[in-house]
Each structure stands twice: as C-alpha cells, then as structure tokens.
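Structure at a glance
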Amino acid sequence: MKKSFLLAALLFAALEPLKADEGMWLPALISQRIGDMQAKGLQLSAEDIYSVNQASLKDAVVLFGRGCTGELVSDEGLLFTNHHCGYGFIQRHSSVEHDYLKDGFWAMNRSQELPNPGLTVRFLERMEDVTAAVLKGYKPAKMNEEQRQALIKKNSDKLKADAVKEGKGLRASVEALYYGNQYFLFVFREYSDVRLVGAPPSSIGKFGGETDNWMWPRHTGDFSIFRIYAGQDNMPAEYSETNVPYRPKKSLKISRAGVKEGDFTFVYGCPGSTQEYIHSEAVRYIQDISDPEKIALRTTRLNLMKKHMDQSQAVRIQYSSKYAGVANAWKKWQGEEKGLRKNKVVPVKQAYEKRFAEWAVGTRYEGITDRLALLYAAYNPIYRSYEYYNETVRAVEKIQMASGRPVAQKDYYRPIDEEIFVAMVSAFDKALDDSYKPESFLRQRAAFASVEAWKDAVFADDALAKELAEGLDAYYTQVLTPQLRELSSAITLTYRDYMQGQMEFESGRDFYPDANLTLRVAYGKVAGYRPVDAVWYNPVSTLRGIIEKDNPDIFDYNIPQVLRDIYARGGFEEQPVCFLATNHTTGGNSGSPVLNAKGELIGINFDRVWEGTMSDLVYDPEICRNISLDVRYLLFVIKEVGNAAYLFDEMNFAD
Ligand code: ARG
Ligand code: ASP
C-alpha cells in the first residue's frame, strides 16, 4: 500500500514538468504564485508578502538611489544595501585624510552618521492595476495610435496627481506592463535624509574587484549600511539635525541559521530591465552584433586604462571607478553572448515564431512575427550606429567636456584620454558608413593627415573640440534619435499585439511582466551549478577561500591585515561568505534582501554568475544563479573588522 503510493507519487513527479525558478512577479499579484511558492517551501501567506491593509514585507524594501535595492533591518531606520550601491556616497565622504573607501567607515554613534545630499529611498505604498482608468475614453475605431498615447498620458497624469495629493513625500508613476497591455499605478513615499552608518574597507566590500566580478567562487563582502531619517512625524523631511531615525512599518528579522543546497529562498527587490519576450531578430542583433562589437570596443578602452593604471598608483585611484563602470557591462555581455549561443536562443525563438505564425493564421496576429523582423531590419543598423556613437566618441572625456558634460578634473588623466580619442575616433570612423557622421566630423577628418594629428589639434584647441562634440551630439540627438524613436515606437506597438498573441498562443503559461525597476518577487532555491563539463560549483563560499585568494601583490586580492590576523586566531575557517541560488534577478536587484522560507533575512543579493547573464533575455534553470552575500559574513565584518557590534542591539535576530 505504502509502496504503491510512493510509486504513484514518483510517477506523478515525473509527469509534472519541473517548474523552473524563472520569473519576477508583481507583489500585488503574488497570490497567483503563492501556491507554487508554498509548495517549494515558503511558510508565509500572500498577505505577509504584500498587503495594503497591514504591515508586510514590502514595507521593509526600498528602491535605493536610482538603481539599487535596500532593506530595513531595525525599527530605527537601519538599512542594508551593497557596497557598490553606496560606493559613490562613500567616495564623496573620502579624502586623503579619511579614506573611507580604502579603510572603511563606521559611525560609532548616531551623531557620526554622515548625510548624503541627493540620495533618496522610496517605499512602495501601494500598486494597483489601472488599465481601465488609463484607457478610459479610448475608442479603437476612432483613434489612431498618437491619439491613444495622448489619452494614456492625460489619464496617467490625472491618476498620478490624485495619488500624491494625500501626503508628504509621495511620488507616483504609471508603468506600462507587457508592452502596454496592462498599466499599473505605483505610489511611493520618498525619504531624502539617508545617512551613511558603515562600510567595510574596499578590500572587503570590493574584494576580487573586476577579476571576480560576475564570477563564482566569490568572496566579496559587498555591503554598506545606511540609516533613514524622518521628521518628528515620521514623514519625509529634508536633512535636518532635528530629524529622527525613521520608524518603518516593517523591518526584517535576521536569521543566522545559515543556508544549504536546496533551501527555499526569495528575493524582494527592484529589477531594472529584461526582455524575455523579444523576437529572434532582436536576440540575433544582441548576440551577433551588439555584444561582440561593444565588447571589442571596451576591451580596447580597458587595456588603455589598465596600462596607465598599472604604471601609477595615482592614476589607479583616478580611474578605478571609471574602469569598474566600463568593465561591468563588458564582462556581463561576454557571458550573455556565450549563454545565448550555448542555449541556441536564436534558433529556438525562430522555431517558436514559426509555430506562432502557423497558429496565428486567420487571427488578428497573422503576420506579426514577419512584421517585427522587417522592423528590426530597419531599426538595427541605425541602432548600431547609435551604440557606436555611445561607446566610442562619447567615451572620450575631452569630447564629453566639450559638449558640456562635466568630468571630474581630479580624476582626469590626459594621456589616457588622448589614447582613447585616437582609438575610439578611429573605430567609429572605420565601422560606420559616412552617412552616419555629421558634416563637421567629415570636415575635420579631411583637414588632418592622421587621427594622431587630429587628436593633437583637438586637445590643443577647445574651439575645435567643441565643434566636433557639438556636431556629433546634434547629429545623434536631432537626426538619429528621432528616427530611432519612431521605429522603436512602431516596434513597441507591434509587441503590444505580439505579447497578447503569445499569451493566447500559450494560454497555459504563466507570464510575468519584463522588469522595469518596479518592486518584484523572485523565488528559487540555494543551488550550485555546473559551469563546464566535469566541474561542479558548490553554492557556499567561506573565509577559507578569501585566505586562499589573499595576495598582497595583487590589488584585487590584497585583504586588510586585520582580516589575516582574525583568521590566524583560528575558528573562522568555515565562516560563510557568499552563496548561490536560482532566483531570477537582474541589474537593480543589487542590495535586495534574500529571504528564507519564513521571510527572514539570510543574505543580500549583489550579482549573478557570468555564465547565466543571458537571463535578461532567457532564463536557463541549469545555469542562471544569483550571488548573495551571506548575512552572517556581514555580521562578522561589523563585529570583527568594524568593531561596531553595538549596531546589533537594534537588529532583530530570528535565532
Ligand atoms: N556585477 C555587479 C552588478 O552588475 C557588480 C558591479 C559592481 N562591481 C564591480 N566590480 N564593477 O552590478
Ligand atoms: N550587480 C547587479 C546590480 O548592481 C545585479 C545583477 O546584474 O545581477 O544590480
């Protein structure tokens, strides 16, 4: 009896296709996923995750700055995010006397916490489906697309204005989901007094640097700590000494129980952008043209920077942040291109489009995939030139300055910029047809015997630099951008139908809207992966691995002496540092809380593995992994390195 039951269960398990941990779900609609989440281990209800009637987990999560996530971990406004999310602010407080980037920073009491003008955090008050209100008054037969868009704008503006009437610091946005098949109103409360509380030295917070970025095994202590301040009424207020720590509706409990392969986890945060439903031609462009060309251009720039950075410590300091910025996407694209090829995404999408087209005959979706292919044929070459412009001439700081974009003079090293000018202007000129170059560019080019001579002239004569920069800017913003905009709105419009068509075609599939920096929930489990044949990566890294990588001669692996001393005391070999899971995340999810089955904080998301970065286009459960800092390493660093264990007093520990 027992045996046959087991057999039946096994059989059932074999028939039921394994649901991949793909997806970034809207918190307000989480009730549609809660059954699956609970089946996989979640012990919470949908109301615990998102509620407008009671405090829920959403109240402990913020959009941090313009593109990261943070989470509340105390009832006194204490917030965790990544080191790389706080980096710019830590840098601004740093000087030769107080190098907080290098040495770390720890406020030893509230009066030492440092204000950060310009930094805001946003709490989501509520989100709601406003599709009907946004399309109110729309008459398909009588209105063209332009009129439809104008109506949408008018209705959205009204919804937003109404939504922010109610109180202090409210912000609202109306976002199109599924290419405009659905509209959601998001109402946020924005706080602008956010102070720096703590950050580890970069040799911990950025340990591994560009070498380990997007990689596993990883040992980066990528966290920083802030505190949100509010007026006496707990509402948003401009920075003031009389402000008090914000009392959140909800703060996260911290679990020190640890993680192991298979444990349920979920990530609550603000993923920035994905394109999961695009046409094969769009993928082909990314894989065969955009990624490889941009990678090559950035390789050139990075090599030029590195050559000078290796020669001088001063130049290294000047360019490390710029280098990191260029290197980050550069490395991501390499993983993405590889992943797209390995997963045969283009042929798989082509086959899908073929099936779709057959199904669509006689419906209003007939011919839509061919139409998209044609649109891309017109769009891609222009877009390519636009990408070239961005990656080449706009990357020259001299040209940036000449077109009025500020460049920090203290971080400017002219010999690098001169070499970048020669390399990038040559690349731009060589790759693109002259029809993509403004008249002033062609005229200047003709006036000089070589790009070298041209460079000398531009760096010697600001008027010449200005003419070049302004000519390029004018051409790209005034001539090409409108063309691109027109084509891309035609594409978006077609996607609106294609998206709807896909939803009808695959009526059994659960669709989630592409990421757009709005709050989402992704869920999965702690899991290692097989990067290549015969290699298995365990999902947990430890302090032992930091000591293994430690090398005073390699900048990225030179740990602070204090960490060596602590390790030498013994007992910390198994101290967990980072872990992998299958949560579907993307840029913007950095700093997101990683939660266990009970909704307790176990980690802070900060990256993905290189081999899986094509998850922005297609998610492969075998290889797509998010990388999180184990919260226990954060606690370890606060206590042992920062001597700031006083912060634990205000945290709530689950165990
Ligand atoms: N790859 C991570 C992300 O996309 C971390 C980036 C910051 N770190 C760095 N070494 N560049 O944001
Ligand atoms: N590192 C990214 C971020 O800053 C996260 C990712 O792309 O996985 O948001």
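Look above for the structure.
A few points on the structure.

We now examine the overall build of the protein chain. Looking only at helices and strands, the protein chain features 21 helices and 18 strands. Taking 26 Å as the expected radius of gyration for a compact globule of 655 residues, we find that the protein chain reaches 26 Å, a close match to that expectation. Based on the C-alpha atoms only, the size of the protein chain along its principal axes is roughly 75 × 70 × 60 Å. Relative to its full complement of 655 residues, the protein chain shows a buried share of 54%. Intrachain contacts of the protein chain at a sequence separation of at least 6 include 76% that bridge at least 24 residues. Summing over all exposed atoms, the protein chain offers an accessible surface of approximately 28500 Å²; the carbon and sulfur share of this is 54%. For the protein chain, the separation between the mean place of its 80 positive charges and that of its 88 negative charges on side chains is 3 Å.

Taken together, His-84, Trp-214, Thr-586, Gly-587, Gly-588, Asn-589, Ser-590, Phe-606, Asp-607 and Arg-608 form the complete shell of residues around ligand 2. Residue Gly-588 places a main-chain N or O atom 2.6 Å away from an oxygen atom belonging to ligand 2. In this structure, an oxygen atom belonging to ligand 2 sits 2.8 Å away from a side-chain N or O atom of Arg-608. For the shell around ligand 2, the element with the most residues is strand β17 (residues 601-608), which contributes 3 residues. Split into classes, the residues belonging to the shell around ligand 2 amount to 2 nonpolar, 6 polar and 2 charged.

A few words now on the pairing of strand β13 (residues 520-525). Burial analysis of β13 places 5 of its 6 residues in the buried class, which makes it a mostly covered element. One ladder, built from 6 bridges, connects strand β12 (residues 264-269) with β13; its direction is antiparallel. Residue Val-267 lies in a different strand from β13, and its bridge partner there is Ala-522.

Before going further, it helps to examine the environment of Arg-364. Mapped onto the elements of the fold, Arg-364 is located in the loop between α12 (345-360) and α13 (368-391). Residues in contact with Arg-364, not counting those within four places in the same chain, are Asp-497 and Gln-500. At 3.5 Å, the side chain of Arg-364 forms a polar contact with the side chain of Asp-497. One polar contact links Arg-364 to Gln-500, side chain to side chain, over a distance of 2.7 Å.

Take the site of ligand 1 next. Every residue lining ligand 1 is accounted for by His-84, Gly-209, Glu-210, Asn-213, Trp-214, Ala-324, Asn-328, Phe-606 and Asp-607. Here His-84 contributes a side-chain N or O atom positioned 3.3 Å from an oxygen atom of ligand 1. Protein chains bury 84% of the 330 Å² of accessible surface belonging to ligand 1 in isolation. Looking at side-chain class alone, the shell around ligand 1 contains 3 nonpolar, 4 polar and 2 charged residues.

Two numbers describe a pair of packed helices, the interaxial angle and the distance between the axes. Here helix α17 (residues 451-460) crosses helix α18 (residues 462-505) at 110°, and the two axes come no closer than 5 Å. Between α17 and α18, the angle falls in the class roughly perpendicular. Counting all contacts with α17, which are made through Trp-454, Ala-457, Val-458 and Ala-460, the residues of α18 involved are Asp-462, Leu-464, Ala-465 and Leu-468. Residue composition of the contact of α17 with α18, by class: 7 nonpolar, no polar and 1 charged.

Attention now moves to the sheet that holds β13. Strand order across the open sheet formed by 7 strands is β13-β12-β16-β17-β18-β15-β14, with antiparallel pairing between neighbours. A strand with exactly one partner marks an edge of an open sheet, and here the two such strands are β13 and β14 (540-542). Averaged over all pairs of adjacent strands, the angle between strand axes in this sheet comes to 30°, irrespective of strand direction. Packed onto the sheet, helix α21 (residues 631-641) meets β15 (576-581), β17 and β18 (626-630) and runs at close to 40° relative to β18.

Applying the stated criterion to the full structure yields 1 disulfide. Sulfur of Cys-270: no disulfide; nearest cysteine sulfur belongs to Cys-68 and is 9.3 Å away. Of all cysteine sulfurs, the one in Cys-578 lies closest to Cys-624, which takes part in no disulfide; the gap is 19 Å.

Definitions and limits used
Residues numbered from 1 in each chain as written. Chains lettered and ligands numbered in written order. Predicted model: local features only at pLDDT ≥ 70, side-chain atom pairs only at ≥ 80, totals over all residues. Heavy atoms only, no water. Helix = DSSP H or I, 4+ residues; strand = E, 2+ residues; numbered from the N terminus. Rg over C-alpha atoms; globule rule 2.2 N^0.38 Å. Buried < 20%, exposed > 50% of the residue type's maximum accessible area, 1.4 Å probe, protein only. Contact = heavy atoms within 4.5 Å. Areas by Shrake-Rupley, 256 points an atom, 1.4 Å probe, with all protein chains shown as cover. Lys, Arg positive; Asp, Glu negative; His and termini not counted. Charge placed at Lys NZ, Arg CZ, Asp CG, Glu CD. Near = heavy atom within 4 Å. Polar contact = N/O pair within 3.5 Å; in protein donor to acceptor, adjacent residues only side chain to side chain. Nonpolar A, V, L, I, M, F, W, Y, C, P; charged D, E, K, R; others polar. Pairing = 2+ DSSP bridges. Axes fitted to C-alpha atoms, helices over the stretch in contact; angles between N-to-C directions. Parallel < 35°, antiparallel > 145°, perpendicular 65-115°, else oblique. Disulfide = S-S within 2.5 Å.

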